[in-house]
Amino acid sequence: MGMVKDKARLDWKNLPFDYINTECNIRYYYKDGRWSDGELVSDEMISLHMAAPALHYGQEAFEGLKAFETAEGKIVIFRPIENAKRLKRSCERIYIPAIPEDMFLEGVRKVVKANAGFVPPYGTGASLYIRPLVIGVGGKVGLGPADEYIFIIFVTPVGPYYKGGFKPVKAIVIEEFDRAAPLGVGDCKVGGNYAAGLRGRQFHIDKGYPIGLFLDPKEKKYIDEFGTSNFIAVQGNQYITPDSSSILPSITNDSLAVISSDMGMDIIKRPVQIDEIENFDEIGAVGTAAVITPVTLINYRGKDYNFKDGGNAGPVITELYNRLVRIQTGDMEDKFGWLDVVE
Ligand code: PLP
Ligand code: COI
């Protein structure tokens, strides 16, 4: 499976955020204490023992990152080393053997290169979503970490996570359900957090809100994060984001904070009380899939809090979005060294 030269025939400008089969995925197997070499395969299926710990005890961790095509036709991956580090942390927490950073980077680069025909063309607004995942396999019934693992990286071309791309959405605060426990794994990217979050997700969807905002699971006093993205607020010259042990440290949030600081803003990471929302000028939901989605209304205990006039995206969030996307697609100088060019 070599470099695919021609682009796949897809409706690039109207891609959903969903799975589309590509050329191949890459797999590594862990057995007898070591990882195998990576293997590119076209098979979309995996064969597992029915007693695999990933299936009944949820021993699974994953990542999400993106590759883009630049105007010159180069393929670049956004900050993959950060995802390698985060996966390492997630693995440690649920007793999955470490995936060396080099192996992670090699796998990501190889699978992106082999699927070059599925990297959305420059200017379409779409990207190649990269999904690494690791699962505990082999038959085991007593509770304990698996003896064998499979690490897979698949890719899929995607459009915006929320319909319409950079368009404001409204959110509702979820107090009825938690996604993470105070001393749990809310700060790790593990499958169990997302299963736990499904009830909260159904709650906000049933109420007609595309996004739900979770509060801290202990006191319901502080803002944690949205179901699939971090919370940021702009107040005057401040970029404010919650400091909490039960939220995922977002690489997009980190990147936007760096960009904001470069724009002369003050970066404030601190516990943020839900009662403070009326003071904020602009709110954003930030993550790899969500990029930065402007949140122009938050419903909290039946009351609507509005941000910015007429439900339009605010100026700071709009500027942050433009800068981030321009860096990711090579239109703006990569002055922070975030792009990994696929050779
Ligand atoms: N929070 C949660 C719960 C997520 O699932 C994600 C998505 O990865 C994020 C935040 C954003 O993280 P990142 O910017 O690294 O994609
Ligand atoms: C991502 O932004 O990469 C995510 O993981 C969100 C996903 C849960 C849809």
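Residues numbered from 1 in each chain as written. Chains lettered and ligands numbered in written order. Predicted model: local features only at pLDDT ≥ 70, side-chain atom pairs only at ≥ 80, totals over all residues. Heavy atoms only, no water.

Colleague: For this particular structure, what's the right way to read the pattern of salt bridges?
Modeller: A side chain of one charge can pair with a side chain of the opposite charge when the charged atoms of the two come close. Tallied over the entire structure, the rule returns 17 salt bridges. Close ionic contact of Arg-86 with Glu-63 constitutes a salt bridge, the shortest N to O distance being 2.7 Å. Separated by 23 residues along the polypeptide, Arg-86 in helix H2 (residues 80–93) and Glu-63 in the loop between strand S4 (60–62) and strand S5 (65–69) bring together distant segments of the chain. Salt-bridge contacts for Arg-109 lead to Asp-340; the nearest nitrogen and oxygen are separated by 2.8 Å. Taken together, the residues Arg-109 in helix H3 (residues 101–114) and Asp-340 in strand S18 (residues 339–341) connect sequence positions 231 residues apart. Among the residues examined, Asp-340 registers a relative accessible area of 15% and is labelled buried. Several salt bridges converge on common partners, so that one network encompasses Arg-79, Glu-82, Lys-85 and Asp-254. (Salt bridge = Lys/Arg side-chain N within 4 Å of Asp/Glu carboxyl O. Helix = DSSP H or I, 4+ residues; strand = E, 2+ residues; numbered from the N terminus. Buried < 20%, exposed > 50% of the residue type's maximum accessible area, 1.4 Å probe, protein only.)

Colleague: So what exactly am I meant to see when it comes to a nonpolar patch on the surface here?
Modeller: A contiguous nonpolar surface patch, about 360 Å² in accessible area, is contributed by Tyr-57, Val-141 and Leu-143. On the secondary structure map, Leu-143 appears in the loop between strand S7 (127–137) and strand S8 (148–158). (Patch = residues over 30% accessible without salt bridge, like charges linked within 9 Å, V, L, I, M, F, W, Y side chains within 5 Å. Areas by Shrake-Rupley, 256 points an atom, 1.4 Å probe, with all protein chains shown as cover.)

Colleague: Please clarify how the site of ligand 1 should be interpreted in this entry.
Modeller: Neighbouring ligand 1 are 16 residues, the closest being Tyr-194, Glu-225, Ser-250, Thr-252 and Thr-288. Lys-189 has a polar side-chain atom sitting 2.7 Å from an oxygen atom of ligand 1. Relative to its unbound accessible surface of 390 Å², ligand 1 loses 97% to contact with the protein. (Near = heavy atom within 4 Å. Polar contact = N/O pair within 3.5 Å; in protein donor to acceptor, adjacent residues only side chain to side chain.)

Colleague: Any chance you could explain the site of ligand 2 here in plain terms?
Modeller: Residues in close proximity to ligand 2 include Gly-64, Tyr-129, Arg-131, Tyr-161, Lys-189, Tyr-194, Thr-228, Thr-288 and Ala-289, which together make up its full environment. Side-chain polar atom of Tyr-129 to an oxygen atom of ligand 2: 2.6 Å apart, as the coordinates give it. In the environment of ligand 2, an oxygen atom lies 2.7 Å from a nitrogen or oxygen atom belonging to the side chain of Lys-189. For ligand 2, the protein covers 88% of the area, taking 280 Å² as the surface of the free molecule. Its residues placed into classes, the shell around ligand 2 shows four nonpolar, three polar and two charged. A domain split of the shell around ligand 2 shows at least three residues from each of domain 1 (12–159) and domain 2 (169–328). (Nonpolar A, V, L, I, M, F, W, Y, C, P; charged D, E, K, R; others polar. Domains from an automatic or database assignment.)

Colleague: It is not clear to me how the pairing of strand S16 (residues 291–300) should be interpreted in this structure. Could you clarify?
Modeller: In terms of residue burial, S16 counts as a mostly covered element, since 10 of its 10 residues are buried. Bridge count between strand S9 (residues 169–174) and S16: four bridges; the pairing is parallel. Within the sheet, the bridge partner assigned to Ala-171 lies in S16 and is Ile-298. Bridge analysis of strand S15 (residues 282–287) against S16 gives five bridges, and the strand direction is antiparallel. (Pairing = 2+ DSSP bridges.)

Colleague: Even after reading the chapter, I still don't get the packing of aromatic side chains, so can you show me in this structure?
Modeller: Given two aromatic rings, their pairing is described by the distance between the two centres and the angle made by the two planes. Within this structure, the stated rule accounts for 16 aromatic pairs. The interplanar angle of 35° and the centroid separation of 5.7 Å between the aromatic rings of Tyr-28 and Phe-151 together place this pair among those described as tilted. Note that Tyr-28 is positioned in strand S1 (residues 25–31) and Phe-151 in strand S8, a separation of 123 residues in sequence. Following the ring pairs from residue to residue traces out a cluster consisting of Tyr-28, Tyr-30, Trp-35, Phe-104, Tyr-149 and Phe-151. Directly above the aromatic system of Tyr-209 lies the positively charged group of Lys-170, at a separation of 4.8 Å from the ring centroid. (Phe/Tyr/Trp six-rings, centres within 6.5 Å; stacked < 30°, edge-to-face > 60°. Lys NZ or Arg CZ within 6 Å of the ring centre and 35° of its normal.)

Colleague: Can you help me understand the packing of helix H5 (residues 251–262) against helix H6 (residues 315–328) in this one?
Modeller: For any two helices packed against each other, the geometry is given by the interaxial angle and the distance between the axes. Interaxial distance between H5 and H6 falls to 10 Å at its minimum, and their mutual angle equals 110°. One finds that H5 runs roughly perpendicular with respect to H6. For the pair H5 and H6, the sense of crossing is right-handed. Across from Thr-252, Ser-255, Leu-256, Ile-259, Ser-260 and Asp-262 in H5, the residues of H6 making contact are Leu-320, Arg-323, Leu-324 and Ile-327. Residues that form the contact of H5 with H6 fall into these classes: five nonpolar, three polar and two charged. (Axes fitted to C-alpha atoms, helices over the stretch in contact; angles between N-to-C directions. Parallel < 35°, antiparallel > 145°, perpendicular 65-115°, else oblique. Left-handed = near helix turned anticlockwise from the far one by under 90°. Contact = heavy atoms within 4.5 Å.)

Colleague: I tried to follow the pairing of S8 on my own but got confused; where do I start?
Modeller: Regular strands show a simple pattern: their side chains alternate between the two faces of the sheet. The buried fraction of S8 is high, at nine of 11 residues. Bridge count between S1 and S8: five bridges; the pairing is antiparallel. Paired with Tyr-29 across the two strands is Ile-150, which belongs to S8. Bridge analysis of S7 against S8 gives 11 bridges, and the strand direction is antiparallel. Each bridged residue has a counterpart across the sheet, and for Leu-128 the counterpart in S8 is Pro-157.

Colleague: I would appreciate a short explanation of the environment of Tyr-19 in the present structure.
Modeller: With respect to the element layout, Tyr-19 can be found in the segment before S1. Spatially, the C-alpha atom of Tyr-19 lies 8.6 Å from that of Val-155, the residues being 136 residues apart in sequence. Apart from the residues within four sequence positions on either side, Tyr-19 is in contact with Glu-44, Phe-154 and Thr-156. In this structure the side chain of Tyr-19 is engaged in a polar contact, spanning 2.8 Å, whose partner is the side chain of Glu-44.

Colleague: Sorry, what's going on with the nonpolar core here?
Modeller: One broad rule of soluble globular proteins: the nonpolar side chains tend to lie buried together. Among the nonpolar cores identified, the biggest contains 40 residues, and Trp-35, Ile-99, Phe-104, Val-112, Ile-130, Val-134 and Phe-151 are the most heavily contacted of them. When residues of this core are traced back to their parent elements, those giving at least two are S1, S5, strand S6 (75–78), H2, H3, S7 and S8. Broken down by element, this core gets its largest block of residues, six residues, from H3. When residues no more than four places from it in sequence are discounted, the contact partners of Val-112 are Ala-67, Ile-75, Ile-77, Val-119, Leu-128, Ile-130, Val-155 and Val-342. (Core = buried A, V, L, I, M, F, W, Y, C linked by side-chain atoms within 4.5 Å.)

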